[in-house]
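# Structure at a glance
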Amino acid sequence: MAKQQTLARFFTSMKKNTSKSVKETDDQKKSDTPKSPEKKKIIKDEEDQQKQQKSVVGKRSRSSSPSRSSSPKKLKPSVQISDEDLKKELAADKIDTKVAGLEKSKPILYSLLCKTFDKIEQESSRLKIIEIVSEFFFEVLQNSPESLVTIIYLSINKLGPDYDNLELGLGETLLIKSICESTGRSTATIKANYKETGDLGSIAQTSRSRQSLMFKPKPLTIETVFKNLKEIAESTGSASQSKKIGIIVRMLSSCNGVEAKFLIRSLEGKLRIGLADKSILLALAKSLLSFEYQKQGKNYNKIDPSLISDAELQIKDTFNQVSNYEVIIKAAMEHGVLNLKDNVSLQPGIPLKPMLAKPTKAITEILDKFSNTNFTCEYKYDGERAQIHLLSDGKVKIYSRNSEDMTERYPDLIQALSNFIKPGKSVKSLILDSEAVAWDRVDKKILPFQVLTTRKRKDVKLEDIKVQICVFAFDLLCLNDEPLIHKPFNERRAIMMDHLQITPGQFQFATYKNLENIEEIQQFLDQSIKDSCEGLMIKLMSSTYEPSQRSSNWLKLKKDYLQDIGDSIDLVCLGGYHGKGKRTGKYGGFLLGCYNPDSGEYETTCKIGTGFSDEDFASLSEKLVGTVISQPKTYYRYDKDNSKSSPDVWFEPNLVFEIRTADLSLSPVYKTGADKYGKGISLRFPRFIRLRDDKGPEDSTSPDQIIELYESQVNI
Ligand SMILES: Nc1ncnc2c1ncn2[C@@H]1O[C@H](COP(=O)(O)OP(=O)(O)OP(=O)(O)O)[C@@H](O)[C@H]1O
Ligand SMILES: [Mg+2]
Ligand SMILES: [Mg+2]
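Residues numbered from 1 in each chain as written. Chains lettered and ligands numbered in written order. Predicted model: local features only at pLDDT ≥ 70, side-chain atom pairs only at ≥ 80, totals over all residues. Heavy atoms only, no water.

In the nomenclature of an unreviewed UniProt entry, the protein is known as DNA ligase of Saccharomycopsis crataegensis. Database annotation for the protein, UniProt heading Catalytic activity (unreviewed entry): "ATP + (deoxyribonucleotide)n-3'-hydroxyl + 5'-phospho-(deoxyribonucleotide)m = (deoxyribonucleotide)n+m + AMP + diphosphate." (UniProt positions renumbered as here; feature names shortened; annotations may be inferred.)

As structure tokens, this is what we get:
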């Protein structure tokens, strides 16, 4: 009771403080059609500045709905405050960021978390969002630290670390059914409402608030919700539909106010409150540090900003190496957040975010970038990245580019791994970076990428394998539990070759040459193509391994794209156009867009109808049929007045197309990069190359990358 009162008091004060922005929300909502959320970011914070250099972290998500929380609709604050002013005000605590009102060791109510979500959703400044989250985490740490990990997963709409491969993303039909069942409203009404608003979460909330209840239901706790979400994600099979609906209905009937909205959005796999991993990490750094200060009796309101930055850096760095919140938080609590880097490092069994490369358009560009430094040229294989982990207990794990557990896909590799260790070398554990490529055992040659994609992804049985693979190892990141990532590349390569041995056609090292002049590099490039590769990877000899970074120390040179923009682009299929002539009955063209990890929106990039074979049209149409949605998602950014970007049907963000283009140009019709240029950056003469099965919608090429490609083209 006392707790409820504290909470009530707390949220009344919160309401007072936010009443202005709440009013703005309503006004905003009126003028803001769901179709064109014109968001203006007025405050450029550190994160935004950093994103220039930072890479897009590969994210899991192959399901029909992305699992990342993101925010499509941010409000336009009426007054413009500078970043510095905001920091000062935040420091002086003039801006209310308090959200919690927890009591020691009592279970945390879901309503409390949802009210925090609501507050975050109303907020457009990333800096303030981080502040709200860190205040909340700080309260949680003081009252029930063991709940922090659950709270983090609920906040980023995940059910565990990426490599657990467990995700939500329930379809609208099932959710509509659940809402109907729990609120007694008709499917037709809910569907009509959905057509109007595009947000099932809000519909659930309104529907719940209309119900008069005889009994006050028992409130939901975060642990119950998390357990239920996991159960839903884990249930498969024929009876799972009704089981899932049952769980959802039960939860919905305990929901009050905004709880229903966020619960439904979580189930959809689209929380949309603008919280990504990177904001969570920053909030975590600050709250952990404050908590330490408080425990030591120091003034946690006056922490030296340089210490906060240090904590942020250590949290981010360690998370890139060990992508598991539980491990990081535990270590921080035990050793102090400022000692994280000495106490957490990569470990076999937990994937690290792979280092990525930047595209180049000419050999001369490489020589410019790497002038006076030693570099090496390696074949660039066209397969799938495989991060191979050998654990001290003999277990083997294989992770994808997006830290998904792919172990089940490669039983052949797992069986043979011990043969790849040199006799006499003691190798108890390792983390190896490599590319797995389809291999023709008869002709002893590399097969195209398409062949590899025909191998099943899950539950592959040794005896059923038809597509053989050869692994081309190119880096060793950890050996016998000792991290090697801080050593220069040439040393890592030497250690790799010293401990491992090739088995032709099964396990080889990436072919390389240390070259210096244009002619030799050109020859090696041509040879790589003859040997069924895509081109070359050029790596700085002295470079450390930078987890998750798209680093300029690794350059990719793809022969096919040298005449174009240097690389292909991966875009998400957002809409379809009905085919004519021999494409009648299928989709004959598609609207594509890319995912913006900062706003959580999909920004349209181009329309495409070329490069597809008849089979492509047929198979894509078949794949897309089930993902048709009655109207565009609120987080699709497109020009609704232009028929070019208003397709005949809209799809869930699901399929990723790899596209090649002659060049990039500005176009008023599309929205990619429109914040920067006013107009969008679009693809000229786009051609479909292939479906990217290994990338989820949120792994598409980011607007920042497209801007970079556009600018490098303009510069040349
Ligand atoms: N020798 C090599 N060294 C490093 N990576 C290699 C090598 N050979 C092949 N690769 C593969 O090339 C990838 C980088 O280029 P690619 O264009 O294929 O990337 P991608 O998967 O399309 O992702 P993105 O375009 O987002 O970088 C690496 O992630 C890796 O899978
Ligand atoms: Mg590739
Ligand atoms: Mg690519």
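Each helix and strand counted, the protein has 24 helices and 22 strands in total. Counting across all 716 residues of the protein, residues that qualify as buried make up 59%. Taking the intrachain contacts of the protein between residues at least 6 apart in sequence as the baseline, contacts between residues at least 24 apart amount to 76%. Summing over all exposed atoms, the protein offers an accessible surface of approximately 30000 Å²; the carbon and sulfur share of this is 50%. (Helix = DSSP H or I, 4+ residues; strand = E, 2+ residues; numbered from the N terminus. Buried < 20%, exposed > 50% of the residue type's maximum accessible area, 1.4 Å probe, protein only. Contact = heavy atoms within 4.5 Å. Areas by Shrake-Rupley, 256 points an atom, 1.4 Å probe, with all protein chains shown as cover.)

If you walk through the whole model with that rule in mind, you get 40 salt bridges. Across the pair Asp 405 and Lys 397 runs a salt bridge, and its minimum N-O distance is 3.2 Å. Of the charged contacts in the structure, one is a salt bridge between Arg 455 and Asp 412, with a shortest N-O distance of 2.5 Å. Residue Arg 455 is found in the loop between helix H19 (449–453) and strand E7 (468–479), and its partner Asp 412 is found in helix H18 (residues 411–416); the two are separated by 43 residues along the sequence. Through salt bridges that share partners, Asp 382, Asp 570, Glu 658, Arg 690, Arg 692, Asp 694 and Lys 695 make up one connected network. (Salt bridge = Lys/Arg side-chain N within 4 Å of Asp/Glu carboxyl O.)

Glancing now at the environment of Ser 323. Here Ser 323 is to be found in the loop between helix H14 (305–321) and helix H15 (325–335). If we skip the residues at most four places from it in the chain, Ser 323 touches Pro 161, Tyr 163, Ile 350, Pro 351 and Lys 353. One polar contact links the side chain of Ser 323 to the main-chain carbonyl oxygen of Pro 351, over a distance of 3.2 Å. (Polar contact = N/O pair within 3.5 Å; in protein donor to acceptor, adjacent residues only side chain to side chain.)

The next thing to look at is the packing of aromatic side chains. A full pass over the atoms with the stated rule returns 30 aromatic pairs. For the ring pair Tyr 163 and Tyr 399, a centre distance of 6.0 Å and an interplane angle of 75° mean the geometry is edge-to-face. Of the two residues, Tyr 163 sits in the loop between helix H6 (148–155) and helix H7 (172–183) while Tyr 399 sits in strand E4 (residues 396–399), which places them 236 residues apart along the sequence. Grouping residues by exposure puts Tyr 163 and Tyr 399 together as buried. Put simply, the rings of Tyr 587, Phe 590, Phe 612, Phe 617, Phe 651, Phe 657 and Phe 688 pair up and form one aromatic cluster. (Phe/Tyr/Trp six-rings, centres within 6.5 Å; stacked < 30°, edge-to-face > 60°.)

Below, the discussion takes up the site of ligand 1. Taken together, 18 residues form the shell around ligand 1, and within it Lys 380, Arg 401, Glu 435, Lys 558 and Arg 692 come nearest. In this structure, Tyr 379 approaches ligand 1 through a main-chain N or O atom, which is 3.0 Å from a nitrogen atom. Here an oxygen atom of ligand 1 and a side-chain polar atom of Lys 695 are 3.0 Å apart. A total of 610 Å² of accessible area belongs to ligand 1 in isolation, and the protein chains cover 94% of it. If you tally residues by element for the shell around ligand 1, the top one is strand E12 (residues 550–558), at four residues. Tallied by class, residues from the shell around ligand 1 come to five nonpolar, no polar and 13 charged. (Near = heavy atom within 4 Å. Nonpolar A, V, L, I, M, F, W, Y, C, P; charged D, E, K, R; others polar.)

Turning to unusual backbone geometry, a few remarks are in order. For residues other than glycine, phi is negative in most cases, and the peptide bonds are mostly trans. Backbone geometry at Asn 372 places phi at a positive 60°, although glycine is not the residue there. Mapped onto the fold, Asn 372 is located in the loop between helix H17 (363–369) and strand E2 (375–380). Residues other than glycine seldom take positive phi values, yet Ser 548 does so here, at roughly 75°. The buried category is assigned to Ser 548, whose relative accessible area is 3%.

This part takes up the domain arrangement of the protein. The domain boundaries assigned to the protein delineate domain 1 (2–146), domain 2 (172–268), domain 3 (277–343), domain 4 (356–561) and domain 5 (569–711). Taking only C-alpha atoms into account, the centre of domain 2 sits 31 Å from that of domain 5. At the junction of the two partners, domain 2 supplies six residues and domain 5 supplies six residues. With both chains or domains summed, domain 2 and domain 5 bury close to 480 Å², and 36% of this area falls on carbon and sulfur atoms. When the area that domain 2 buries against domain 5 is broken down by residue, the three leading residues are Glu 172, Tyr 194 and Lys 195, summing to 68%. At the junction of domain 2 with domain 5, the criterion picks out zero salt bridges. At the surface where domain 2 touches domain 5, the tally comes to one residue pair in polar contact (both at pLDDT 80 or more). A per-element tally of the side of domain 2 that touches domain 5 places helix H8 (residues 187–197) first, with three residues. When its residues are assigned to classes, the side of domain 2 that touches domain 5 shows one nonpolar, two polar and three charged. (Domains from an automatic or database assignment. Buried area = accessible area lost by both parts, 1.4 Å probe.)

Glancing now at the side chain of Thr 360. Relative to the helices and strands, Thr 360 is located in the loop between strand E1 (356–359) and H17. A polar atom in the side chain of Thr 360 sits 2.8 Å from the backbone oxygen of Lys 556. With near-sequence residues (within four places) excluded, Thr 360 lies in contact with Glu 365, Ile 366, Leu 555, Lys 556, Leu 557, Leu 562 and Gly 566.

Mapped onto this numbering, the UniProt entry gives "domain: ATP-dependent DNA ligase family profile" (unreviewed entry) at residues 462–596. Secondary structure within residues 462–596 divides into 18% helix and 40% strand; the distance between the first and last C-alpha atoms comes to 40 Å.

Moving on, we get to the sheet that holds E2. Pairing is mixed across the open sheet formed by five strands, whose spatial order is E1-E12-E11-E2-E10. The two strands at the open ends of the sheet, each matched to only one other strand, are E1 and strand E10 (512–513). In terms of strand pairing, E1 meets E12 through four bridges, oriented parallel. Bridging from a neighbouring strand, Leu 356 pairs with Arg 550 of E12. (Pairing = 2+ DSSP bridges.)

Time to look at helix H10 (residues 222–234). Relative to the 18 Å expected for 13 residues at 1.5 Å per residue, H10 spans 18 Å between its end C-alpha atoms, a close match to the ideal helical length. In this fold, the buried residues of H10 make contact with helix H4 (110–122), H6, helix H11 (240–252) and helix H12 (258–268). (Expected span 1.5 Å × (residues − 1).)

A few words now on the pairing of E4. As paired elements, strand E3 (residues 384–390) and E4 share four bridges and run antiparallel to each other. Paired with His 389 across the bridge in E4 is Lys 397.

By size, the foremost hydrophobic cluster in this structure holds 86 residues, and its most contacted members are Phe 137, Leu 267 and Tyr 325. Tallying contributions element by element places helix H13 (residues 277–295) first for this core, with 10 residues. Residues in contact with Phe 137, not counting those within four places in the same chain, are Leu 148, Ile 151, Ile 152, Ile 280, Ala 283, Leu 284 and Ser 287. Ala 357, Leu 477, Ile 485 and Tyr 545 belong to the second-largest nonpolar core, a separate cluster that totals 36 residues. (Core = buried A, V, L, I, M, F, W, Y, C linked by side-chain atoms within 4.5 Å.)

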